[in-house]
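Residue-level structure breakdown
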Amino acid sequence: MHVTVDGVARSARPGQTVAALLLAAGQVSWRDTRTGGKPRGLFCGIGVCFDCLVVVNGIPDVRACQRVLADGDEVRTQHGAELPEARS
């Protein structure tokens, strides 16, 4: 499977979560806090906290630890609070 992360093409395995892909690539932070822009990444790993939020296919606030990748997904770093992209 092929996905993009912040515009960079990456290969993913079937059943792999966004967090697993990012950690395997050595990326430990993929969200900035609303206040202060502090880096966040995987914390609990089970979907209880909100530290691992990313934007997937234009939808913000996706928990990277729970979202299983699909071929063609576009994942990007989330900066603070974001609104979903407008769809035509």
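Within each chain, residue numbers correspond to sequence positions counted from 1 in written order. Thresholds applied to this predicted model are a pLDDT of at least 70 for local features of residues and 80 or more for the giving and counting of side-chain atom pairs; totals over whole chains, interfaces and linings are not thresholded and use all residues. Calculation of side-chain values draws on the structure's entire complement of heavy atoms; hydrogens and water are dropped beforehand.

**Here we look at the pattern of salt bridges**
Here, a salt bridge means any side-chain nitrogen of Lys or Arg that lies within 4 Å of a carboxyl oxygen of Asp or Glu. For the coordinates displayed, the defined rule picks out 4 salt bridges. Here aspartate 51 makes a salt bridge to arginine 31, at a shortest N to O gap of 3.4 Å. Highlighted residues: aspartate 51 in the loop between strand 4 (39-40) and strand 5 (53-56) and arginine 31 in strand 3 (residues 31-32), separated in sequence by 20 residues. The exposure classification of aspartate 51 matches that of arginine 31, with both residues buried. For the salt bridge of arginine 40 with aspartate 51, the shortest nitrogen-to-oxygen distance reads 3.8 Å. A helix here means a DSSP run of H or I that spans at least four residues, while a strand means a run of E at least two residues long, and both kinds are numbered starting from the N terminus. Type-normalised accessible area, obtained with a 1.4 Å probe on protein chains alone, sets the label of each residue: buried when under 20%, exposed when over 50%, and partly exposed for intermediate values.

**Regarding the pairing of strand 6 (residues 59-63)**
Along any regular strand the residues' side chains alternate between the sheet's two faces. Strands are labelled as partners when DSSP assigns at least two bridges between them. Here 3 bridges tie strand 5 to strand 6, and the two strands are oriented antiparallel to one another. By the bridge assignment, valine 54 is partnered in strand 6 with valine 62. Between strand 5 and strand 6, which follow one another and run antiparallel, lie 2 residues, and asparagine 57 among them has a positive phi close to 55 degrees.

**A closer look at the environment of glutamine 78**
Following the sequence through the fold, glutamine 78 ends up in strand 7 (residues 74-79). Residue classification places glutamine 78 among the buried positions, given a relative accessible area of 1%. Those residues in contact with glutamine 78 that lie beyond four places of it in its chain are Trp30, Arg31, Asp32, Leu53, Val54, Val55, Pro60 and Asp61. In what follows, a contact means two residues having at least one pair of non-hydrogen atoms within 4.5 Å.

**What to know about the environment of glycine 80**
Tracing the backbone shows glycine 80 in the segment after strand 7. Residues glycine 80 and leucine 53, 27 residues apart in the sequence, show an inter-C-alpha distance of 9.7 Å. Residue contacts for glycine 80: discarding those within four places in its chain leaves Asp32, Thr33 and Arg34.

Keep in mind these values describe shape, not function.
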